[in-house]
Amino acid sequence: MILTGGLKSLLPHVLRRIIRCNRLSISNTSGMAEGYKQANVVILHESLADDFEKFCHANNGPLPLLYRSKPGDWKCPSLSSDSDIRTDCLQYKMYEHGACTGSLKSLKEYSEQLKDMVTFYLGCSFSFEKAVQNAGIPVRNVEQKCNVSMYKTAVPCYSVSTFRCNLVVTMRPIPESKLEAAVLATSESKEAHGAPIHMGDPGLLGIQDLSKPDYGDPVHLHPGDIPVFWACGVTGVEAVINCRAPLAFTHSPGCMFITDLKNDNVTVRSSREAPQVHCISQDPLHYSIVSAEAARKIKTLETLIGIDPGDRGIIHLHRQDELLKACLSISHARSVLITTGFPTHFAYEPPEENDGPPGALAIAAILQALEKEVAIVTDQRAMNLNKKIIEEAVQLGILKRPVLLLSYQRESADAALMFLCENGNPGRPRFDHLIAIERAGMAADGNYYNARKVNIKHLVDPIDELFLAAQTIPGVTTTGVGDGGNELGMGKVKDAVKKHIKDGDVIACDVEADFTIVAGVSNWGGYAIACALYILSTCEIHDRYLRKAVGFPPLAKKGIWLSALPSVSKEEKLLKTLAQHGVRSGKTASLEMEVDGLPFYNTHSLVIEKLL
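- An unreviewed UniProt entry lists the protein under the name D-glutamate cyclase, mitochondrial, from Pygoscelis papua.
- Among the UniProt annotations of the protein, the heading Catalytic activity (unreviewed entry) holds the following wording: "D-glutamate = 5-oxo-D-proline + H2O".
- In its Subcellular location (unreviewed entry) section, UniProt records this for the protein: "Mitochondrion matrix".

Below, the structure is given as structure tokens:
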């Protein structure tokens, strides 16, 4: 028997010969033949081969196809000079009608059956381990001398004919400070699964216990390590099991076919296309990925909306990258709840101002286009007004369809939890993200104040309670959009509000949101969110991460997304509609003179349109 020492430096053809002679006392090929590509293996009857190839192309993250053989061909000349797939893997698995019926060291005894079978060689993450190490990142499974951990997930692959299964992933613990380096080191190794498909809490993939992998060995995390998941070629094994073919063979997970191809044919991205990593949630822990170029555009949006037309000091409330992080979080959400409404005109009917609803509808429109569930919650007294505004927004083409309109009242101690979650169960939230835009926020004394320090509590329902309850529900994140510091969600910057905003010590909202977007006019913040979500949806790097590298990029939907964005003409129509319902501008007299209802808004809508 040959032991493991020195195997990482042996050439592939030498290793294949040693494996062929059954002279290795190892259980996996991780770390072997450093710098050379390794491959997963699936062997199917030729009648299934075309459909399986389509399945690979439809899910090329987990199943990057390196080579497809002809029926009965045991060699793969484009991958290796002298190989025999019947003998050159450490171990094989045999499947009959979907059941594993044996572990084999050789397939030679099945040579007759193999004459009618086709071999698929699929990329493997072992291929990028050397690149990861070269980037100064520890590979824990190599350090711990064990196989990589592999898990079945709850993420469905794109189905083709009888091939249907959920995604399988590998997990490698990565120090938090090295996350972006790990993404950079693997993102262009597309034949080895490319960049990670998830970073953070395994429960978000449906993985319950990291100590119990479905394949491979448990790999222990060091303090400060983050679980990072890559698409895995063992997805092909799950597809074989589910298709219930009369006879099929695969490699045994971790026992790869070692090719003669080097891992040096990687195209380096330009700095504009380089991926960036951002944390978007602490509970559960969740990171997202975006290209540097998309991030730059969103930061430009953040700068555009930060102009302070009323010279009120909002520059002191600004927190860098909040727009980017908020929109990354919203992009991952399935269902979003929006609230707006600031009854600053307490002596009029209706008391609402026209800053807030246009921005809220702009967000709702892009969320509809992105096929997310969306609802709006508002004050009970304003339900009829908002219903009419939504109906007319549909008629004007601003919304694709009516938005579900809700109201919230404190009917019991757990009313907020019952509203946000099915049967009040925090494990089953109805919404993943809450957005407040120009919504009156509760001050430290429990009252609600407009910018003139007038208490308007009698006009405001306690929707703040939903944001407070969201802080206790894992997986629910919140965003607040405001332009003065007295809006719901601005509690995150309340110290700056008290210091720099007139009467801030009284009017400052005390309720925090996870992300705080500060704009010169709150509507601009809503428009910026809509535009940023479009930028993220058209970002190839983010899209791949969002769909977990399975299925196809939704390029055909780009036109639908574009048509949902805010525009000058949409804003003009909506502001006129609001005026017809008696909704007035809510800015100070000096600001109204400068804005006069439309021109200042239009200028910035046009700027945002040009950016896209």
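Here the narrative resumes, following the displayed structure.
Some thoughts on the pattern of salt bridges
Stage number 1. Overall, the coordinates contain 29 salt bridges when judged by the stated rule.
Stage number 2. Taking the shortest distance from any N to any O, the salt bridge between glutamate 143 and arginine 140 comes out at 3.1 Å. With a gap of three residues between them, glutamate 143 and arginine 140 both fall in helix H5 (residues 140-143), about one helical turn apart.
Stage number 3. Owing to a relative accessible area of 42%, glutamate 143 belongs among the partly exposed residues under this scheme.
Stage number 4. A residue is classified by how much of its surface remains accessible, and arginine 140, at 8% relative accessible area, is buried.

Brief notes about the sheet that holds strand E7 (residues 166-175)
Stage number 1. Pairing within the open sheet is antiparallel, and its seven strands lie in the order E9-E6-E7-E10-E8-E14-E13. Looking at which strands have only one partner, the edges of the open sheet turn out to be strand E9 (215-216) and strand E13 (275-282).
Stage number 2. Strand direction decides the pairing type here: strand E8 (residues 198-200) and strand E10 (residues 225-231), joined by two bridges, are antiparallel. Residue pairing across strands places histidine 198 opposite phenylalanine 229, the latter belonging to E10.
Stage number 3. Against the sheet, helix H7 (residues 235-243) engages strand E6 (149-156), E7 and E9, with an angle of about 160° to E7.
Stage number 4. Helix H9 (residues 322-332) contacts E13 and strand E14 (285-291) of the sheet and is inclined by roughly 75° relative to E13.

Side note on the layout of surface pockets
Unfilled space is identified by rolling a water-sized probe across the atoms.
Stage number 1. Roughly 1200 Å³ of internal volume is contained in the largest pocket.
Stage number 2. Around the largest pocket sit 38 residues that line it, and Ser331, His332, Ala333, Lys372 and Leu546 are the ones nearest its centre.
Stage number 3. Elements with a contribution of two residues or more to the lining of the largest pocket: E6, E13, H9, helix H16 (522-537) and helix H17 (540-546).
Stage number 4. Of the volumes computed, that of the second largest pocket is approximately 910 Å³.
Stage number 5. Contributing to the lining of the second largest pocket are 41 residues, with Cys539, Glu540, Ile541, Arg544 and Arg547 lying nearest its centre.
Stage number 6. Elements that contribute at least two residues to the lining of the second largest pocket include exactly helix H2 (46-58), helix H6 (179-187), E14, helix H8 (292-305), H16, H17 and helix H18 (558-563).
Stage number 7. Per element, the largest residue contribution to the lining of the second largest pocket is five residues, and it comes from H17.
Stage number 8. Here the residues of the lining of the second largest pocket are counted per class, giving 22 nonpolar, nine polar and ten charged.

Thresholds, definitions, all that
Residues numbered from 1 in each chain as written. Predicted model: local features only at pLDDT ≥ 70, side-chain atom pairs only at ≥ 80, totals over all residues. Heavy atoms only, no water. UniProt positions renumbered as here; feature names shortened; annotations may be inferred. Salt bridge = Lys/Arg side-chain N within 4 Å of Asp/Glu carboxyl O. Helix = DSSP H or I, 4+ residues; strand = E, 2+ residues; numbered from the N terminus. Buried < 20%, exposed > 50% of the residue type's maximum accessible area, 1.4 Å probe, protein only. Pairing = 2+ DSSP bridges. Contact = heavy atoms within 4.5 Å. Axes fitted to C-alpha atoms, helices over the stretch in contact; angles between N-to-C directions. 1 Å grid on protein atoms, 1.4 Å probe; cavity = no way out; pocket = protein on both sides within 12 Å on 5 of 7 lines; lining within 4 Å. Points joined across faces, edges and corners; volume = space filled by probe spheres on them. Nonpolar A, V, L, I, M, F, W, Y, C, P; charged D, E, K, R; others polar.

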